Amino acid sequence: METIYGKTQGLKAHQLKQLDRLYRSRLPQDSLTTPELAQRLAVVSAELKESICIYINRRGQVIRVAIGTPNQTKIPPLELPRYGSDRLSGLRCICATPDTEPPNVTDLTAMLMQRLDALVILPVNLKGYAERGYLAHLLPATDTELPEKQEAWRVSKPMTLDALSKQDFLELVEGLEEEFSRNFAGRATDDNQDRVVLVGLMHQKEKSDSMPFALIELGHLVESAGGKVLDALWQKRERPHPQTVLGEGKVLELAIAAQTKGANLVVFDRELTASQTRNLERMIGLRVSDRTEVILDIFAQRAQTSEGKLQVELAQLEYRLPRLAGHGQALSRLGGGIGTRGPGETKLETDRRVIQKRITFLQQQVNRLQEQRSRIRQKRIDQEVPTVAIVGYTNAGKSTLLNAMTRADVYAADKLFATLDPTTRRLSLTGEDDKIHTVLLTDTVGFIHELPHSLVDAFRATLEEVSEADVLVHLVDASHSAWEDQLKAVDKILKDMPIAVGPTLLVFNKIDAVPEPQAILEKYPEAIAISALKRQGFEQMSKSLLKLIEYAIGELN
Ligand SMILES: Nc1nc2c(ncn2[C@@H]2O[C@H](COP(=O)(O)OP(=O)(O)OP(=O)(O)O)[C@@H](O)[C@H]2O)c(=O)[nH]1
Ligand SMILES: [Mg+2]
C-alpha cells in the first residue's frame, strides 16, 4: 500500500483502500484531468467529509494522495521534482472539497510556494458529485521591473468537468514556463548575484510607518555584500514570534512577495535561531539568512591579510556550527551566494565534524598571529612614537582621512566595511611652535550598531589597535541622516571595550556635504569639523590632536 498523506487518523480499512486506488489512476499526458477521475475524487471526499488532494506529475502519474486542503497538504520544497523561480515544479494538484467556495488565498498561496503547474478545485455537492471546477495557475511577471501589485495567479470562472478535461494541459504549462524563463533570464543579469527580500520588525510603540532605519542599513549591507534588494517588508510586533519571528499571515505575505519577485534569498534584520531559520525556510521555500551572516559575508569578501582571512573564517564557522541543522543541509542545493562564501575562493564547509576540526585549527593560528602582533606593537611602544587610531561608524570616511593625511593608498569606497585590516602610517604634525612631531596613525575597520557577538572576535585586531592607541580620533559622517545614532553606537562600543580607551577627539567629517554644520558644532562644541575629501579643517584638527596627545602621554618631544 502507498502512503496516504495528511489527516489519516480514524480511517477505516475500506476508506484507505479507496484512497490507495487513486494512486493507480493514470491520465493522458496532455490533459489536466478527466471527468472519471474528478468524480472518483468527489465520491471519496463526500464520504470522508474532507478535502482530498492528489498531486500529478507531467507524465500523468499520481505521485501523492493526501487528505486535507492544498494548503494543509503542501509538499516540502525538497520533495518537489524541481525547484527554482525560473520554472514550475512539474506537479499539479487536483482537489475535491466539500467547501463550495472557489479557491481561497491560502490554497492559491500554497500553489505559489510550491510553484505548482496548476491547481484544480472541485467543489463537491451534498449528493457527492462534482459538477464543475476552477482552474488556477501562476502568472509570469509582465515586466522585468515588477510593479507593486503584480498579480501572482489567475483563477478561471467555474468550468464544467468536460471543459476542464479538454484543457490542453501541456500547452498551458509549456507556455507559462517559456515566459517564466524569459523573465528570469531578463532579471538575472548576473547569475551569482543574490536577489534579496529584506525583512524587519518594528516595535509596536514605534509611531512612524516608514521603513525602519535598521532595514535601510540592512539594504546597504546586502548591496555591499553584492546582493540586489528587490523588496523590503516589516511588521509591527510587541516581540518576535518565537518560531517564525513574524506572524503567520506576514510569513505568507513574505512568501508571495519573494516568489513573485523572483528572489532567491530572504534576509532578516536580526539574528535568527536554528529553528527559526528552519521553520521559515520550510514555509517560504527559499534560503533564509540574517544580518550577521551578511556582515560576515562582507568580511569574507574583503579580508586581505592572512590574519584577516583566518579570523573571518573562524567567526563564520563559529556562527554556523550551532545552526547547521537548519541551514546548509536542507537547502544548500538551492544555491550559493551570501552566507555560503568563505574568505578567498572557497565555499564554506557544511560538514559538522570537518567544521569542528577546522575551528580548532583556526583558533590556534589566530592565537599565534596575535602574539606576533603584540610583539610588533611592543616594538612601537619601545620606540615611543605616539599612536593615534581613527575609529568611527562604517563609511564615515576613515580611510579617506588616512589617505589624505599620510598619502597612504588605502581602499576607500562608498561601501560598508570597505576596510577590514588595520593599516598604520607615519604622520608628521606641525605644532603651535611650528615644531614637527611624528605620530603613527591607524585606520581601522568601521563599527556598526548592535555589533553581532560572533563578530567581536573578528574585530579583535582592530579592537587591540584601538585599546592600545594613545589617542583616538572618532570620525562621524555628519552628512548622514542618522549621524547622531551612529555617534552613540560607536561611543557605546568604545565604552564596552574590555580595556579603557585613551582620550578621544570628536571629528565631524563630510562637512562639505552638510548645509548647516554650525548646528552640529553648537551641540558638540568640543568637536572639530573637517572634510577629508576636500582637505578642509586639517590644520585645526592637527593642533587639537597634538594637544590631546600631549595630555595623554605627558610631554611631546
Ligand atoms: N562628501 C564627502 N565624502 C567623503 C568625505 N570623506 C569620505 N567620503 C566618502 O565616503 C565614502 C566612504 O569613505 P571611506 O574612507 O571608505 O570610509 P571608511 O570610514 O573607511 O569606511 P569603512 O572602511 O567601510 O568602514 C567614500 O565614498 C568617500 O569618498 C568627505 O569629506 N566628504
Ligand atoms: Mg575604510
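Keep in mind it's a predicted model, so treat the numbers as computed, not measured. (Residues numbered from 1 in each chain as written. Chains lettered and ligands numbered in written order. Predicted model: local features only at pLDDT ≥ 70, side-chain atom pairs only at ≥ 80, totals over all residues.)

**Student:** Can you walk me through the overall build of the protein chain in this structure?
**Tutor:** When helices and strands are counted, the protein chain shows 17 helices and 18 strands. Expressed along its principal axes, the backbone C-alpha trace of the protein chain runs to roughly 105 × 50 × 40 Å. A burial count over the protein chain gives 42% of its 557 residues as buried. (Helix = DSSP H or I, 4+ residues; strand = E, 2+ residues; numbered from the N terminus. Buried ≥ 20, exposed ≤ 12 C-beta atoms within 10 Å, placed from the backbone.)

**Student:** Before we go on, may I ask you to explain the domain arrangement of the protein chain in this structure?
**Tutor:** Accessible area lost during the coming together of the parts is what is often quoted as the interface size. On domain assignment, one finds that the protein chain holds domain 1 (4-187), domain 2 (190-371) and domain 3 (384-553). Spacing between the C-alpha centres of domain 1 and domain 3 amounts to 61 Å. (Domains from an automatic or database assignment.)

**Student:** Would you take a moment to explain the site of ligand 1 for this structure?
**Tutor:** Every one of the 24 residues lining ligand 1 counts as a neighbour, but Gly397, Ser399, Asp414, Thr419 and Gly446 are closest to it. In terms of residue count, the dominant contributor to the shell around ligand 1 is helix α12 (residues 398-406) (3 residues). (Near = placed C-beta within 6 Å.)

**Student:** Sorry, what's going on with the packing of helix α3 (residues 105-114) against helix α7 (residues 248-260) here?
**Tutor:** The relative placement of two packed helices is expressed as an angle between their axes plus a distance between the axes. Viewed as axis vectors pointing N to C, α3 and α7 meet at an angle of 45 degrees, and their least axial separation amounts to 10 Å. Considering their axes alone, α3 and α7 lie oblique with respect to each other. Here the hand of the crossing between α3 and α7 comes out left-handed. Across the interface between the two elements, Thr109, Leu112 and Met113 from α3 touch Leu252, Ala255, Ile256 and Gln259 from α7. Tallied by class, residues from the contact of α3 with α7 come to 5 nonpolar, 2 polar and no charged. (Axes fitted to C-alpha atoms, helices over the stretch in contact; angles between N-to-C directions. Parallel < 35°, antiparallel > 145°, perpendicular 65-115°, else oblique. Left-handed = near helix turned anticlockwise from the far one by under 90°. Contact = placed C-beta atoms within 7 Å. Nonpolar A, V, L, I, M, F, W, Y, C, P; charged D, E, K, R; others polar.)

**Student:** Would you take a moment to explain the confidence of the model for the protein chain for this structure?
**Tutor:** Per-chain confidence: the protein chain averages 85 in pLDDT, with 91% of residues scoring 70 or above. Mean pLDDT in the protein chain bottoms out at helix α13 (residues 453-456), which sits at 68, and peaks at strand β17 (residues 504-509), which reaches 97. Every residue in residues 326-334 scores below 50 in pLDDT, and together they form 15 contacts with partners more than four places removed in sequence or on other chains. For this predicted complex, the interface confidence reaches an ipTM of 0.99, while the overall pTM sits at 0.74. (pLDDT = per-residue confidence, 0-100.)

**Student:** It is not clear to me how the pairing of strand β3 (residues 62-67) should be interpreted in this structure. Could you clarify?
**Tutor:** Regular strands place side chains that alternate from one sheet face to the opposite one. As defined by bridge partners, strand β1 (residues 4-6) adjoins β3 across 3 bridges and the pair is classed as parallel. Along β3, the bridge assignment pairs Tyr5 with Ala66. Pairing geometry for strand β2 (residues 52-57) and β3, over 5 bridges, is antiparallel. Looking at the pairing, Ile52 lines up with Ile67 of β3. The loop that links β2 with its antiparallel partner β3 comprises 4 residues; one of these, Gly60, has a positive phi angle of about 85 degrees. (Pairing = 2+ DSSP bridges.)

**Student:** I keep staring at the sheet that holds strand β11 (residues 265-268) and nothing clicks. Help me out?
**Tutor:** Sheet strands pair via backbone hydrogen bonds, and the direction of the pair is either parallel or antiparallel. Taking strand neighbours across the sheet as the criterion, the 4 strands line up as β10-β9-β11-β12 in an open arrangement whose pairing is parallel. Strand pairing shows two members of the sheet lacking a second neighbour, β10 (228-237) and β12 (287-290), which therefore form its edges. Neighbour-to-neighbour, the strand axes of the sheet open up by a mean angle of 25 degrees, direction not taken into account. Taken strand by strand, helix α8 (residues 274-284) contacts β11 and β12, and its axis lies near 140 degrees from that of β12. Contacts from helix α9 (residues 291-302) reach β11 and β12, with the element oriented near 80 degrees to β12.

**Student:** Whenever I open this one, α8 confuses me. Can you help?
**Tutor:** Residue pairs spaced three or four apart in an α-helix point in one direction, given the helix's 3.6 residues per turn. Within α8, 8 of the 11 residues are buried, which leaves it mostly tucked inside the rest of the structure. The complete set of buried residues in α8 reads Gln276, Thr277, Arg278, Asn279, Leu280, Glu281, Met283 and Ile284. The elements touched by buried residues of α8 are α7, β11 and β12. Gly285 occupies a position one or two residues after α8 and carries a positive phi of about 80 degrees.

**Student:** Could you clarify how one ought to interpret the sheet that holds strand β14 (residues 423-430) in this entry?
**Tutor:** Sheet architecture is open: 6 strands sit in the order β14-β15-β13-β16-β17-β18, paired in mixed fashion. On the outer flanks of this sheet lie β14 and β18 (528-529), each paired with one strand and no other. Bridging between β14 and strand β15 (residues 436-443) involves 8 bridges; their strand directions are antiparallel. By the bridge assignment for β15, Arg426 is matched with Leu440.

**Student:** Before we go on, may I ask you to explain helix α6 (residues 213-224) in this structure?
**Tutor:** Look at α6: 17 Å from first C-alpha to last across 12 residues, which is about the 16 Å you get at 1.5 Å a residue. Those residues of α6 hidden inside the fold are in contact with β9 (195-203), β10, β11 and α9. Note on α6: the residue one or two positions beyond its end, Gly226, has a positive phi of about 100 degrees. (Expected span 1.5 Å × (residues − 1).)

**Student:** I would appreciate a short explanation of the packing of helix α10 (residues 306-320) against helix α11 (residues 352-383) in the present structure.
**Tutor:** With their axes 9 Å apart at the nearest point, α10 and α11 run at an angle of 145 degrees to one another. For the pair α10 and α11, the crossing hand works out as left-handed. On α11, the residues touching Glu307, Leu310, Gln311, Glu313, Leu314, Leu317 and Glu318 of α10 are Ile355, Arg358, Ile359, Leu362, Gln363, Gln365, Val366 and Leu369. Its residues assigned to classes, the contact of α10 with α11 comprises 8 nonpolar, 3 polar and 4 charged.

**Student:** How do you make sense of the environment of Lys347 when you look at a structure like this?
**Tutor:** With respect to the helices and strands, the residue Lys347 is situated in the loop between α10 and α11. For the pair Lys347 and Ala519, spaced 172 residues apart in the sequence, the C-alpha separation amounts to 49 Å.

**Student:** Help me out: how do you make sense of the UniProt feature "coiled-coil region" (unreviewed entry) in the protein chain in this one?
**Tutor:** Mapped onto this numbering, the UniProt entry annotates "coiled-coil region" (unreviewed entry) at residues 352-382. Helix makes up 100% of residues 352-382 and strand makes up 0%, while its end C-alpha atoms are separated by 45 Å. (UniProt positions renumbered as here; feature names shortened; annotations may be inferred.)

**Student:** Sorry, what's going on with the environment of Arg26 here?
**Tutor:** Tracing the sequence through the fold places Arg26 in the loop between α1 (13-22) and α2 (35-48). By the C-beta count within 10 Å, which is 13 here, Arg26 ends up partly exposed. Residues Arg26 and Val62, 36 residues apart in the sequence, show an inter-C-alpha distance of 7.0 Å. With near-sequence residues (within four places) excluded, Arg26 lies in contact with Gly60 and Gln61.

**Student:** What is the right way to read unusual backbone geometry from this model?
**Tutor:** Trans peptide bonds make up most of the peptide bonds, and negative phi angles are found at most residues other than glycine. You will see that Arg115, though not glycine, has its phi angle at about 50 degrees, which is positive. Within the element layout of this structure, Arg115 appears in the loop between α3 and β5 (118-123). Despite not being glycine, Asn395 shows a phi value in the positive range, around 75 degrees.

**Student:** Would you mind going over the environment of Leu494 with me for this structure?
**Tutor:** Within the element layout of this structure, Leu494 appears in helix α15 (residues 483-495). When the C-alpha atoms of Leu494 and Ser467 are compared, they prove to be 8.7 Å apart, with 27 residues separating the residues in sequence.

**Student:** How should I be thinking about the pairing of β10 in this particular structure?
**Tutor:** Of the strand pairs in this sheet, β9 and β10 are connected by 9 bridges, and their pairing is parallel. Considered in β10, the bridge of Val196 is made with Val229.

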